[in-house]
Amino acid sequence: MLASVASSTLLGVVGRPVTVEVHVSDGLPGFTIVGLPDASCREARDRVRAALLSSSLPWPLKRVTVNLAPSGVRKEGSGFDVAIAVALLAAAGELSLKHIDGIGCIGELGLDGSIRRVPGIVPLSHALEASSIVVPMACVHEAIAANNGVVRGVRDLAELVAALKGINPWPVVPAPPDAIEELASFDMSDVRGHATGRLALEVAAAGGHHLLMTGPPGAGKTMLARRLPALLPDLTSAESLESTCIHSAADQLMPTCGMLRRPPLRAPHHTASAVAIIGGGTSAMRPGEVSLAHNGVLFLDEIAEFPSFVVDTLRVPIEEGVVRISRARGSVCMPARFLMIAAMNPCPCGEANPMLCRCSPAQRQRYERRLSGPLLDRFDLRLTLDRPATSDLVGGAPGESTAVVKQRVAMAREIAAERGSRTNSQLTLQRLRAVAPLSSAGRQVLERALNTGRLSARGMHRVHSVALTIADLGQHVGPLTSDHVATALCLRQELRCSTAAA
Amino acid sequence: MTDLPDEAYAAALASMPLVAASRLHEMVDKFGWAQAWELARDNRLRHAIALRTTSERQPSEVFASWSDHLRQVDVDRYFDRHLQLGIEIILRDSPLMPLTLADDIQPPAVLFCRGDRQWLSQTCVGVVGTRRASSYGVVMAKRIGAELADIGIGVVSGLALGIDGAAHRGSLAGGQGASELELVASSKGRPIGVVASGLDVVYPRQHADLWHAVIEDGVLISEVPVGGRPLTWRFAQRNRLIAALSHAVVCVESKKVGGSMTTARMAISRGLGVFSVPGVITNPLAHGPLDLLHEGASVYRNVDDIVVGLSSRAPWVPLLSTTKRHRSLVERVVEALDPVSEVVLECLETEPRSVDAVVEITGLSLVQVVAALDRMQSGRRVEEVFGQWVVNV
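All chains use their own residue numbering, which begins from 1 and follows the written sequence. The lettering of chains begins at A and the numbering of ligands begins at 1, in the order of writing. Given that the model is predicted, a residue must reach a pLDDT of at least 70 before its local features are reported, and side-chain atom pairs must reach 80 or more before they are shown or counted; all residues, however, enter totals for whole chains, interfaces and linings.

**Re the overall build of chain B**
Turning to step 1, where the next piece is worked out: Going along the chain from the N terminus, every DSSP run of H or I of four or more residues is numbered as a helix, and every run of E of two or more is numbered as a strand. Looking only at helices and strands, one finds 18 helices and 11 strands in chain B.
Turning to step 2, where the next piece is worked out: In this treatment the radius of gyration is a C-alpha quantity, and the globule benchmark scales as 2.2 Å times the residue count to the 0.38 power. A globule of 393 residues ought to have a C-alpha radius of gyration of about 21 Å, and chain B, at 24 Å, matches this closely.
Turning to step 3, where the next piece is worked out: The principal-axis extent of the C-alpha atoms belonging to chain B is close to 80 × 45 × 40 Å.
Turning to step 4, where the next piece is worked out: In this scheme the burial state of a residue depends on its C-beta neighbours within 10 Å: 20 or more other such atoms mean buried, 12 or fewer mean exposed, and anything in between means partly exposed; the C-beta positions come from the backbone. Here chain B, with 393 residues, has 50% of them falling under the buried criterion.

Given below as structure tokens:
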């Protein structure tokens, strides 16, 4: 007898439909899985057998062949267990074909018959081609968010079989917990002083400009960076699905509602390998930190401590918004459009003040050179922070709260969207000149910066686009004034290490 | 061999290890350049010249190292390299040797010079200080350099990081005021760089741009021939040259001991005017200049102090009245300020501050402050150093 059940496998961050076919025939009892299964997939045989027996279901003493179609694609993981078990029961005559008509299953079986969650439930259920799908109860909300069809959650195999046979009704799916607004534990109003830092965050959030912060330990680099994601607007439903797929594929912890609604913040440690940052891997292509930060923020603390080749791998995703990972076995393309924030000390000893610095000039230069020129060019905003004065820390009026700034950012983003580009940082030079001409006073400020050697020609374009974002934040109409340009220049400071040479 | 000029042999001899001016003088006094070279190459100098035995080296080893070195140097080609790089070689007896150096108690035996050598005879002032300067020190050094250039006085310095480089940059940037004044001097003061390496060995590397700008605009000199590394002992020699060449020396910022203090004391021993830029006594970098003040140096308040203090050694001294008029001219340029700029300026006058601090203190918006600073910067009223904004007096 032959029976088939729909399921799906993970390829990078997208799901791919797979049909699980089971054939039961007379002959020497045996169990074979064909169709390029990996080790964990092949072990399904033992899990399925134990699960069936524990659930008081018959294990056919016949020749069983399982085929995972399309056979040419490599399958990995334990997500086919439930589909194999159901198809096997149908092929063995325990379930009728009518019962499993239009059913798709995802889930791993425990030896006691329980059904466990598997990584990538969101892209898997999104790709599943079935009129009703069965997923582990533990991740039913994620599947509901990703699949528009009928989604059933089950806890164990016995429950599933009873429901399929119509003996018992399908288990009730608990109501999804309300999408509670994440507690903004990091609020902008906690930031004392740091007027430039605050503006830089706002501009970064509004215009999608990458931000590099330099300063001694304790200057507030990390403190500022942690407050950036809260300034970004909520994800749109398309963005939300993209990001949720990626996080699900990487088996990251999901919010209880099943979908990511806020931009994610990823802060990899500087010991992270190039594969961990970009994605890839030996057996399965896993999304890296750049993809996990898709539609969100990638925070590289102590960027100078990262091996330079690791940091340089970021150049392509920054430019193209995707990573393409090619291996001998195939290649996958994963989205990676993120806002990059980096922080570093001005020199190995961390003292910005040239009087207190204990590093030799050569050491300082070597440290600075760890950021390659092309990468440095990607940072529109470069901030040099100093330790705040004591008076700012103890006294000092609280600044604007995150809610106020977020509103301004949202409005600026709307203005930018009306121009047709996603963010101002992505405007080309021609387009920028067309939509945001400079006033003559504004041009003078830029020219002066060019003449004194503060800016390069490329830097001028970047300052121009930052000036546009600043104008958008102020809802300014008309040519950019000298104030906008001067403020944009102030947000692109030279790295302190090089100026120490006087 | 005999058709080579003395300069060629001088370059070869000066390139020998551990050879300072005094040693060269001794050789040349006895044998002349060409013969000294021949004797040194054949290791026959040991009978003529007495070397002290040091803990590190026996005299015989030193003579042998000279001989080994000279056997490897092709005098002709080595000389050619100097010519190709446009390096002039001035021997001790040459009329081209600047008088200040020729008359010094420790005159150089040979001088290598790149750029326009006429600037070596201008009236010039040494500006010395630490390599790790504070923003205050850098601003002061730049300002002194620029003001001296304005009134036609050159800046002598070592092209090092920190104060030296800042003084040279000031000197290069200055001189714009000179045309506005009917100065007696025909031109602005030019930078004179005195370095401890060969004139093709840029040191420190960070100052490569400055190195070439000084060659272009002023003159760069050294006692070290082409290819010579900047060895520690050569810096002491270099400092002596700065003291010898200058008509006065200004010490901007320095710790109690260090190269710049040595230079200043050498200047005192030569009877030159030495000026100290006073600093805050809690700053260790102010202790050097304060010590000098205590030892009898003059205080530097503005460029007039130097004009008054320049002794009769200087061939040309601007009239004090011109420098005073010059400053009033500069001040007149910056009269009108808008109200916001006034507030910002007032805030900066007490001490240098960062943009954030100005925002915090004045309560103005960041955009207002930045715009005001930008306006005042274009009028050269304020300047940014290490992220701090400083008022230009």
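**Here we look at the overall build of chain A**
Turning to step 1, where the next piece is worked out: A count of helical and extended segments in chain A gives 22 helices and 18 strands.
Turning to step 2, where the next piece is worked out: Projected onto the principal axes, the alpha-carbon positions of chain A cover approximately 90 × 45 × 45 Å.
Turning to step 3, where the next piece is worked out: Of all 502 residues assigned to chain A, the portion counted as buried reaches 51%.
Turning to step 4, where the next piece is worked out: For chain A, contacts bridging at least 24 residues in sequence account for 74% of all contacts bridging at least 6. It is the C-beta atoms, placed from the backbone, that decide contacts: two residues are in contact if theirs lie within 7 Å.

**A few points about helix α12 (residues 259–269) of chain B**
All names here are of chain B.
Turning to step 1, where the next piece is worked out: Every buried residue of α12 is listed here: G259, S260, M261, T263, A264, M266 and A267.
Turning to step 2, where the next piece is worked out: Of the surrounding secondary structure, the elements contacted by the buried residues of α12 are β3 (124–128), α11 (232–245), β7 (248–251), β8 (273–276) and α13 (287–294).
Turning to step 3, where the next piece is worked out: At the exit of α12 stands G271, carrying a positive phi of roughly 75 degrees.

**Re the confidence of the model for chain B**
Turning to step 1, where the next piece is worked out: Each residue carries a pLDDT score, the predictor's own confidence in it, on a scale running from 0 to 100. Looking at chain B as a whole, its pLDDT mean stands at 87, while 94% of the residues score no less than 70.
Turning to step 2, where the next piece is worked out: Both scores are available for the predicted complex, with the pTM at 0.75 and the ipTM at 0.74.

**A closer look at the interface of chain B and chain A**
Turning to step 1, where the next piece is worked out: Between chain B and chain A, the contact holds 25 residues from the first and 27 residues from the second.
Turning to step 2, where the next piece is worked out: Residue assignment for the side of chain B that touches chain A shows that the elements contributing at least two residues are α8 (163–173), α17 (355–362) and α18 (366–378) of chain B.
Turning to step 3, where the next piece is worked out: Counting residues per element, the side of chain B that touches chain A draws most heavily on α18 of chain B, which supplies 6 residues.
Turning to step 4, where the next piece is worked out: Here the residues of the side of chain B that touches chain A are counted per class, giving 14 nonpolar, 7 polar and 4 charged. Throughout, the ten residues Ala, Val, Leu, Ile, Met, Phe, Trp, Tyr, Cys and Pro are labelled nonpolar, Asp, Glu, Lys and Arg are labelled charged, and all others, Gly among them, are labelled polar.

**Topic: the confidence of the model for chain A**
Turning to step 1, where the next piece is worked out: Looking at chain A, the pLDDT average stands at 86 and 94% of residues meet or exceed 70.
Turning to step 2, where the next piece is worked out: Below pLDDT 50 for its whole length, residues 497–502 of chain A participates in 20 contacts with residues either more than four positions away or in separate chains.

**Quick word on the packing of helix α16 (residues 339–350) of chain B against α18 of chain B**
Residue and element names in this part refer to chain B.
Turning to step 1, where the next piece is worked out: An axis is simply a line fitted to the C-alpha atoms; with a helix, the fit covers only the stretch in contact. Between two such axes, the angle follows the N-to-C directions and lies from 0 to 180 degrees. Contact pair α16 / α18: the axes reach a minimum separation of 9 Å and the direction vectors enclose 85 degrees. One way to sum up the angle between α16 and α18 is to call them roughly perpendicular. For the pair α16 and α18, the contacting residues are V340, S341, V344 and L345 in the first and Q368, V369, A372, L373, R375 and M376 in the second.
Turning to step 2, where the next piece is worked out: When its residues are assigned to classes, the contact of α16 with α18 shows 7 nonpolar, 2 polar and 1 charged. Each angle gets one of four labels, with under 35 degrees taken as roughly parallel, over 145 as roughly antiparallel, 65 to 115 as roughly perpendicular, and the rest as oblique.

**Focus: the sheet that holds strand β18 (residues 379–384) of chain A**
Residues and elements named next belong to chain A.
Turning to step 1, where the next piece is worked out: We call two strands paired when DSSP finds no fewer than two bridges between them. With parallel pairing, 5 strands are arranged side by side in an open sheet as β11-β14-β17-β10-β18. Because the sheet does not close on itself, it has two edges, and the strands there are β11 (265–266) and β18.
Turning to step 2, where the next piece is worked out: Against the sheet, helix α7 (residues 195–207) contacts β10 (210–214), β17 (339–344) and β18, and its axis sits at roughly 165 degrees relative to β18.

**Things to note about the sheet that holds β7 of chain B**
All names here are of chain B.
Turning to step 1, where the next piece is worked out: With mixed pairing, 9 strands are arranged side by side in an open sheet as β1-β2-β6-β5-β4-β3-β7-β8-β9. The strands lining the two open edges of the sheet, one partner per strand, are β1 (88–91) and β9 (298–299).
Turning to step 2, where the next piece is worked out: Alignment of β7 against β8, held across 4 bridges, turns out to be parallel. Bridge pairing links C251 to S276 in β8.
Turning to step 3, where the next piece is worked out: Running over the sheet, α8 touches β3, β4 (154–157) and β5 (191–195) and is turned about 160 degrees from β4.
Turning to step 4, where the next piece is worked out: Here α13 sits on the sheet and contacts β7, β8 and β9; the angle it forms with β8, its principal contact strand, is near 135 degrees.

**Regarding the environment of V154 of chain A**
Residues and elements named next belong to chain A.
Turning to step 1, where the next piece is worked out: Here V154 lies in strand β9 (residues 150–154).
Turning to step 2, where the next piece is worked out: Judged by local crowding, V154 falls into the buried class, with 25 C-beta atoms found within 10 Å.
Turning to step 3, where the next piece is worked out: Residues V154 and C139, 15 residues apart in the sequence, show an inter-C-alpha distance of 9.9 Å.
Turning to step 4, where the next piece is worked out: Once residues within four sequence positions are removed from consideration, V154 is found in contact with I115, V134, M137, E159, L160, A163 and P171.

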